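Coordinates in review
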Amino acid sequence: MTHDVTVHPLVSPWGRFGLYSFFIDAPEPAIVDTGIAGSPAEGMAPALEAIGRRIEDVRWILLTHGHIDHVGGAHALWELTGRRAQVVIHEADAPMLRSRQAHVEEYRAGRGRYLRDPDGEAKMAAATKAVISGELEPTLLVKGGETLSLGGDVTVSVHALPGHTPGSVAYTVDGQRSVFVGDSVQVHGAANGFPGYTDPAAYRTGLQYLRDEIRPRRLYLGHPYRRADGTPYGVELDEAQAREAIDQSLAAEDRVAQAACRCLESGLTETGSPYSPFAGAAEELGYAGDPTLEPSPFFTSMHAYRTRGENA
């Protein structure tokens, strides 16, 4: 039986967003997600020192998915551990840890098709150089179903939750049901006001699996995602809040799916709207956010429904 271990949220700022990592105070300490290039030295190290821990002693770097605000600091953190920490990521998102160019290719294949920015790819390439501390080969590739030993009797189970990205995972501290989901529970979106995912069906299945099988007693989110009324959750949710956030995420996906499907059925039309060619969906949903702000979840999700329809 795993004894309870303490989890400490670690926050560092980045533009409109707070970047959250989590320190698992196990015999072999772990950090879940790594923010951007400066996060380990500027945010994590001082926060750990304040609680009497050293970043040099971290032995596991657990990545929930491959987006730049979660893997950007991985190389820097790995260096600060003397290259002793094991770096874990799902095999489907590993290219985004290994290569900055993979992020540019993801942009080009998805939201970049709609953003009408001739400099979009160049901006994405510049962003990867600025916020990704280095390209890195992971120590351990996972698929879901693995159990990792963090020393003593502390184990962490890996659960595949594809949807937000193909390689999104949750890490669960066994015995206490502390669950780290990164961005796999989007509720109604974060500061951008819209949920983002690349595979709606997989996202929905992952939420149901979290609710019905994992049943988090403590749920740790990658950002302060928002309720329907716009008020944010924190990033550390108790059991009741976790159930509410998951249920609200399912309800939000259902509402977005209905609007997207009606928009697709009526035919996509290029217009002057910033939401083109999905202006009908934005209008139905009452979405008035700026779809050009990265990470542009509106176009990411709309493209996912479009792709699903084309492949049906």
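An account of the accompanying structure is given in this report. (Residues numbered from 1 in each chain as written. Predicted model: local features only at pLDDT ≥ 70, side-chain atom pairs only at ≥ 80, totals over all residues. Heavy atoms only, no water.)

**A look at the side chain of H90**
Looking at the secondary structure, you find H90 in strand β5 (residues 86-90). Among the polar contacts listed, one links the side chain of H90 to the backbone oxygen of K143, at a separation of 3.3 Å. In this view, H90 contacts V142, K143, A160, P166, G167 and V169; residues no more than four positions away in its chain are not counted. (Helix = DSSP H or I, 4+ residues; strand = E, 2+ residues; numbered from the N terminus. Polar contact = N/O pair within 3.5 Å; in protein donor to acceptor, adjacent residues only side chain to side chain. Contact = heavy atoms within 4.5 Å.)

**Things to note about the packing of aromatic side chains**
Counting across every chain of the model gives 14 aromatic pairs. A ring pair is formed by F180 and Y220, whose centres lie 4.7 Å apart and whose planes are at 15 degrees; its orientation type is stacked. Here F180, found in strand β10 (residues 178-182), pairs with Y220, found in strand β11 (residues 218-221); they are 40 residues apart in sequence, far enough to count as distant. Ring pairing ties together the aromatic residues Y114, F194, Y275, F278, Y287, F298 and F299, which thus form one cluster. (Phe/Tyr/Trp six-rings, centres within 6.5 Å; stacked < 30°, edge-to-face > 60°.)

**Digging into the nonpolar core**
Core analysis: the biggest nonpolar cluster contains 42 residues, and V181, V185, L210, L219, L221, F298 and M302 have the highest contact counts within it. Secondary-structure elements contributing two or more residues to this core are α5 (101-109), β10, α7 (200-214), β11, α8 (239-266), α9 (279-285) and α10 (297-311). With nine residues, the top contributor of residues to this core is α8. The contact partners of L210, leaving out residues within four places of it in the chain, are L161, V179, V181, V185, R215, P216 and I246. A26, W60, V158 and Y220 belong to the second-largest nonpolar core, a separate cluster that totals 22 residues. (Core = buried A, V, L, I, M, F, W, Y, C linked by side-chain atoms within 4.5 Å. Buried < 20%, exposed > 50% of the residue type's maximum accessible area, 1.4 Å probe, protein only.)

**A word on the sheet that holds strand β7 (residues 147-149)**
Strands sit in the order β7-β8-β9-β10-β11-β12 across an open sheet of six strands; the sheet is mixed. Two strands lie at the open edges of the sheet, namely β7 and β12 (236-238), each paired on one side alone. Sheet twist, expressed as the mean angle between neighbouring strand axes with direction ignored, is 25 degrees. Note: strand β8 (residues 155-160) against strand β9 (residues 169-173), five bridges, orientation antiparallel. Bridging across to β9, S157 finds its partner in T172. Most of the contacts of α7 go to β10, to which it runs at about 180 degrees, and overall it touches β8, β9 and β10. Its contacts with the sheet place α8 against β11 and β12, and it is angled at close to 105 degrees to β12. (Pairing = 2+ DSSP bridges. Axes fitted to C-alpha atoms, helices over the stretch in contact; angles between N-to-C directions.)

**Observations concerning the environment of A26**
Along the polypeptide, A26 turns up in the loop between β2 (17-24) and β3 (30-32). Sequence spacing of A26 and D153 is 127 residues, and the spatial spacing of their C-alpha atoms is 9.2 Å. What A26 contacts, discounting residues up to four positions off in sequence, is V5, L150 and V154.

**Concerning the packing of α5 against helix α6 (residues 120-131)**
Between α5 and α6, whose axes approach to 9 Å, the crossing angle comes to 150 degrees. Regarding the angle of α5 to α6, the classification is roughly antiparallel. Crossing handedness for the pair α5 and α6: right-handed. Contact residues: α5 offers H103, V104, Y107 and R108, while α6 offers G120, E121, M124, A125 and T128. Considered class by class, the residues forming the contact of α5 with α6 number four nonpolar, three polar and two charged. (Parallel < 35°, antiparallel > 145°, perpendicular 65-115°, else oblique. Left-handed = near helix turned anticlockwise from the far one by under 90°. Nonpolar A, V, L, I, M, F, W, Y, C, P; charged D, E, K, R; others polar.)

**Focus: the packing of α8 against α10**
At a closest axis distance of 10 Å, the pairing of α8 and α10 adopts a crossing angle of 60 degrees. The orientation of α8 with respect to α10, classified from their angle, is oblique. When the axes of α8 and α10 are compared, the crossing they make is right-handed. Facing E253, V256, A257, A260, C261 and L264 of α8, the residues of α10 in contact are M302, Y305, R306 and R308. By residue class, the composition of the contact of α8 with α10 is seven nonpolar, no polar and three charged.

**Structural notes on the pairing of β10**
Of all the five residues making up β10, five are buried; the element is thus mostly covered by neighbouring parts of the structure. In this structure, β9 lies alongside β10, joined through three bridges in antiparallel fashion. Bridging across to β10, T172 finds its partner in V179. In the sheet, β10 pairs with β11 via four bridges, with the strands oriented parallel.

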